[in-house]
Amino acid sequence: MVKAFDYSAQIRPFQREMAQIIADWAPSTGDWATPIPDLLFFRRDRPTEPDFCLIEPSIVLVVQGTKQMLIGGEAYPYDTTNFLITSLDLPGSTQVLDASPEQPCLGLVMKLDIRMLAELIAQGGLPRLSERPEGTSAGLGDMTPAIMEPLRRLLKLLGEPDAIHVLAPLIQREIHYRLLLSDQSALLRQIASVDSQGYRIAKAIDWLKENYTSPLRIESLAALVQMSAPTFHHHFRQLTAMSPLQYQKWLRLSEAKRLMLNEHLDASTASYRVGYESPSQFSREYSRLFGAPPKRDIEKLRAGTKAGSG
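Before going into details, it helps to say that this report is about the structure given with it. Here the structure is a predicted model, which is why all the values come from computation and not from measurement. (Residues numbered from 1 in each chain as written. Predicted model: local features only at pLDDT ≥ 70, side-chain atom pairs only at ≥ 80, totals over all residues. Heavy atoms only, no water.)

**As for the pairing of strand 5 (residues 66-71)**
Within strand 5, five of the six residues are buried, which leaves it mostly tucked inside the rest of the structure. Bridging between strand 5 and strand 6 (residues 74-78) involves five bridges; their strand directions are antiparallel. Each bridged residue has a counterpart across the sheet, and for Met69 the counterpart in strand 6 is Tyr76. The turn linking strand 5 back onto strand 6 is made up of two residues, and Gly72 within it adopts a positive phi angle of 55 degrees. (Buried < 20%, exposed > 50% of the residue type's maximum accessible area, 1.4 Å probe, protein only. Helix = DSSP H or I, 4+ residues; strand = E, 2+ residues; numbered from the N terminus. Pairing = 2+ DSSP bridges.)

Here it is as structure tokens:
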């Protein structure tokens, strides 16, 4: 599909400046927090295999290199000409496609504030939508100077630490507004508009994240977000590419992996901690998701970490 206008020449100077700032704050491979709330930098020095993650509502962009996100079997590749946007907490996999020690993949993740989006929508003045997206909560948008410029100003604030608490919220609000004017506006509005099905699914996901160890009753959760059970199940699967039960299972297994890796719990203890009653069932489902039994997977991850640090 041919883009209406190629902004690459206009945004390239912004990207070079931002790449230098990110490289300074992310001196080696990894994810790096910044003093600006909800802003994270990443750096990768070589291509990577897909890595499981929980994707929060965010805008993600690279200023150097190429990445892709895999969600529900669909790939979302993005480079310096576009950005990834997600409007729900989604299980997925992230992968670096183009990076080298000489030209590392550099970029940022800025978490979106759904309440801020809802406030901006409620104020009115946004263009009417010609169409609404069906069954999607992730998308790729064309990068424009209108979006890139406030992002550049946000990064430059890192050189003025005393100004961050005053100016960062104002610039982040502008970025939210610009995104609502972008080609991904419809995707954001379907989640942030309080009368939308997407908004109700987002509230259900919030409940699942807080109560993932509890037994799941679809009828009760559907009633909580004021939807019938069949409608809830249909829209949940449309927006997340999985059923509510599969989503809960993903949350449990991911938390169990964290407990084994970071808190050194054994597989049986971790399985009970996240809500499983049967360690053998936990081991089967863990192997199905992560490709190896719990013990072997954690040992491999620890060996990789030691090799990387060495």
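**Examining the packing of aromatic side chains**
In this structure the tally under the stated criterion is six aromatic pairs. An angle of 90 degrees between the planes, with centres 5.6 Å apart, marks the rings of Phe236 and Tyr247 as edge-to-face. Of this pair, Phe236 sits in helix 8 (residues 229-240) while Tyr247 sits in helix 9 (residues 244-262); the two residues are eleven residues apart in sequence, bridging distant segments of the chain. Look at Phe236 and you get buried, because its relative accessible area is 0%. A relative accessible area of 0% places Tyr247 in the buried class. Look at Phe282 and Tyr286: their rings are 5.7 Å apart centre to centre, the planes differ by 55 degrees, and that puts the pair in the tilted class. (Phe/Tyr/Trp six-rings, centres within 6.5 Å; stacked < 30°, edge-to-face > 60°.)

**Brief notes about the packing of helix 9 against helix 11 (residues 279-290)**
Remark: helix 9 packs on helix 11, axes separated minimally by 10 Å, with the N-to-C direction vectors making an angle of 95 degrees. With respect to helix 11, the element helix 9 is oriented roughly perpendicular. On helix 11, the residues that touch Lys249, Trp250, Leu253, Ser254, Ala256, Lys257 and Met260 of helix 9 are Phe282, Glu285, Tyr286, Leu289 and Phe290. Per-class residue counts for the contact of helix 9 with helix 11 are eight nonpolar, one polar and three charged. (Axes fitted to C-alpha atoms, helices over the stretch in contact; angles between N-to-C directions. Parallel < 35°, antiparallel > 145°, perpendicular 65-115°, else oblique. Contact = heavy atoms within 4.5 Å. Nonpolar A, V, L, I, M, F, W, Y, C, P; charged D, E, K, R; others polar.)

**Digging into the sheet that holds strand 5**
Read from one edge of the open sheet, four strands run 3-8-5-6, paired in antiparallel fashion. Unpaired on one side and paired on the other, strand 3 (51-55) and strand 6 mark the two borders of the sheet. For this sheet, the mean angle separating the axes of adjacent strands, direction not counted, is 35 degrees. Across the sheet, helix 9 touches strand 3 and strand 8 (90-98), and the angle it forms with strand 3 is around 115 degrees.

**Here's the deal with the sheet that holds strand 7 (residues 82-86)**
Reading across the sheet, the six strands line up as 1-2-9-4-7-10 and stay open at both edges, with antiparallel pairing between neighbours. Pairing within the sheet leaves two strands with one partner each, and these edge strands are strand 1 (30-33) and strand 10 (138-142). For this sheet, the mean angle separating the axes of adjacent strands, direction not counted, is 25 degrees. Of the pairings in the sheet, the one linking strand 1 to strand 2 (residues 39-44) comprises four bridges and is antiparallel in character. Residue pairing across strands places Ala33 opposite Leu40, the latter belonging to strand 2.

**Some details on the pattern of salt bridges**
Counted under the stated rule, the structure contains 15 salt bridges. Note that Lys156 and Glu17 form a salt bridge whose closest N and O atoms lie 3.2 Å from each other. One end of the pair, Lys156, is in helix 3 (residues 145-156); the other, Glu17, is in helix 1 (residues 8-25), and 139 residues separate them in sequence. Relative accessible area serves as the criterion here: at 39%, Lys156 is assigned to the partly exposed category. Residue Glu285 is joined to Lys249 by a salt bridge in which the shortest nitrogen-to-oxygen separation is 3.6 Å. One end of the pair, Glu285, is in helix 11; the other, Lys249, is in helix 9, and 36 residues separate them in sequence. According to the relative accessible area criterion, Glu285 is buried, its value standing at 10%. Bridged by salt links that share partners, the residues Glu17, Glu149, Arg152, Arg153, Lys156, Glu174 and Arg178 form one connected network. (Salt bridge = Lys/Arg side-chain N within 4 Å of Asp/Glu carboxyl O.)

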